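Descriptive analysis of the structure
The primary structure of each chain is shown beneath.
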Amino acid sequence: MPETRTYIPELLAPAGDMEKLETAILYGADAVYLGGDGLNLRAGAGGFDKESLALGLTKARKAGVKAYYTLNVYPRESMMTQVREQIETLGELKPDGVIAADPGVIRLLRRELPEIPVHVSTQANTSNSESVRFWRENGARRVNVARELRSGELTEMLDVVRKQMPNMELEVFVHGSMCMAVSGRCYMSALLNDRPGNLGECSHPCRYEYRPTAVTFEERTRPGENLWEIREEGMVPTDDFTFETPSEDFTFAPLGEDESKTAPPADPALSIAMDTERWTKFFAAEDLCLLHYLEWFARMRVASVKLEGRTKSSAYLAQVVDAYRTGLNDVAANRFQAEKYLSELVNAATRPLTTGFFDPQSRGVIAEPPAPGEKRPVLGRILEQVDDGKWLIQTKSRWVTSEDMELLIPGMIRPRLSREDYGVENDQGVGLDISHPGQRGLLICDHPDIRPGMFIRKPWDLDRIE
């Protein structure tokens, strides 16, 4: 009997600009998603104008990588002319799919570009099979499901969709930032800064630092203005707080004129902030990491696993895409070991990694970001070869060239090179002891696996490990 190949989902990576697109391709993405300079939910990502979009699509096709265009805002009436213009451009350039959430935008896409598949954004909050059926009847090929779904709920959806809608694809976010609102439908940014998140302009007030004053909050850049109140429901637990103990439920409510402000806060983070009078990022959600479930996604035949991060750096993207690509390859080879790839994700992390809503039995923190002194910063990126053993590079963070470095070779291959194995020169051919962020120079190194687009990173400090 012929050997049955393991089904492997598509790995879908963000491409906020050309450098990130090239990075995603190099480190193993099967597909990328990218946007223009507006009308998508990452307006601050840089994006692609018509000329650069055409070039980006060409690069993706040459590499055998699919490219999906994001048009996933909920546009106001004044924006509809721009929506139609973008749709006309997409008709000329023909991406492999268009990601949208607004029903009117999807209707226009199906009417004007029936040959280009529509992928429904997670902003549509699709949580059940009937919603999937609705989108299929309105011409969609794929749906990115709501991020709030538990694994059991997704299993039920997948079962119905496979049996009743076999041509529909379901896509799942598996890594990256999470919004405190339901599938990103948040109005905090619109309220505080007149920057609506659903127009791609989110100023991320959930990431701001707040300080509780009694049971009210003021935001750091608005001193003296109380914005929120937290009221406790039930008794405050008397047990000592630990991060393993879930906090009591709480609700937000407007402050009444005759109400006391002296009640203690319900959440431990607030208690700590009150006791120390420090600022706290109380609203900030932790990051999603479903690395440990890649075998499950393959087994359930999920069409695509998606990484968040169009506004993240290319250095972040290289590490995260490489970890998930290697993990999926190892799933196919029946040698998957989650801990093998986790260190790459931890090194790239800036917030604790959790399973979000996906696994209700395991909601604790998987891993914390690196402690001070333990992070291995990405030092530079290789731009092009200029001669045998000579490479034009751009420095990404402060690089002391007398120290060891390691190459980030796709497949999580990490050769460590000592000071004797490489050198860094400026454009005048003068050796550099320190190369600063943004600076360009020449890397003198004859390692056989160096390629343009690869990154260089500071390796583990062997003295600290010992």
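So, here's what we can say about the structure.

What counts and how
- Residues numbered from 1 in each chain as written.
- Predicted model: local features only at pLDDT ≥ 70, side-chain atom pairs only at ≥ 80, totals over all residues.
- Heavy atoms only, no water.
- Axes fitted to C-alpha atoms, helices over the stretch in contact; angles between N-to-C directions.
- Helix = DSSP H or I, 4+ residues; strand = E, 2+ residues; numbered from the N terminus.
- Parallel < 35°, antiparallel > 145°, perpendicular 65-115°, else oblique.
- Left-handed = near helix turned anticlockwise from the far one by under 90°.
- Contact = heavy atoms within 4.5 Å.
- Nonpolar A, V, L, I, M, F, W, Y, C, P; charged D, E, K, R; others polar.
- Buried < 20%, exposed > 50% of the residue type's maximum accessible area, 1.4 Å probe, protein only.
- Phe/Tyr/Trp six-rings, centres within 6.5 Å; stacked < 30°, edge-to-face > 60°.
- Lys NZ or Arg CZ within 6 Å of the ring centre and 35° of its normal.

Topic: the packing of helix α1 (residues 18–26) against helix α10 (residues 314–332)
In the contact formed by α1 and α10, the axes pass within 9 Å of each other and the chain directions differ by 15 degrees. Relative to α10, α1 is oriented roughly parallel. Where α1 crosses over α10, the handedness of that crossing is right-handed. Residues E19, K20, T23 and A24 of α1 pack against S314, L317, A318 and V321 of α10. Partitioning the contact of α1 with α10 into residue classes produces four nonpolar, two polar and two charged.

A closer look at the environment of G380
Locating G380 in the fold gives a position in strand β16 (residues 378–387). A residue is classified by how much of its surface remains accessible, and G380, at 0% relative accessible area, is buried. Along the backbone, G380 and G453 are 73 residues apart, and their C-alpha atoms lie at a distance of 9.9 Å. Not counting residues within four places of it along the chain, the set of residues in contact with G380 comprises Q394, T395, K396, M454, F455 and I456.

Comments concerning the packing of aromatic side chains
Throughout the structure, instances matching the rule amount to eight aromatic pairs. Seen from their ring centres, Y27 and F455 are 6.4 Å apart, and the 45 degrees between their planes marks the pair as tilted. One end of the pair, Y27, is in the loop between α1 and β2 (31–35); the other, F455, is in strand β24 (residues 455–457), and 428 residues separate them in sequence. The two residues Y27 and F455 agree in class, both being buried. With centroids separated by 5.0 Å and ring planes inclined at 75 degrees, the aromatic side chains of F134 and W135 adopt a geometry described as edge-to-face. Look at W135 and you get buried, because its relative accessible area is 8%. One aromatic cluster is present, formed by Y293, W296, F297 and F358 through successive ring pairs. One residue, R376, lies across the ring of W460, its end atom 3.8 Å from the ring centre.

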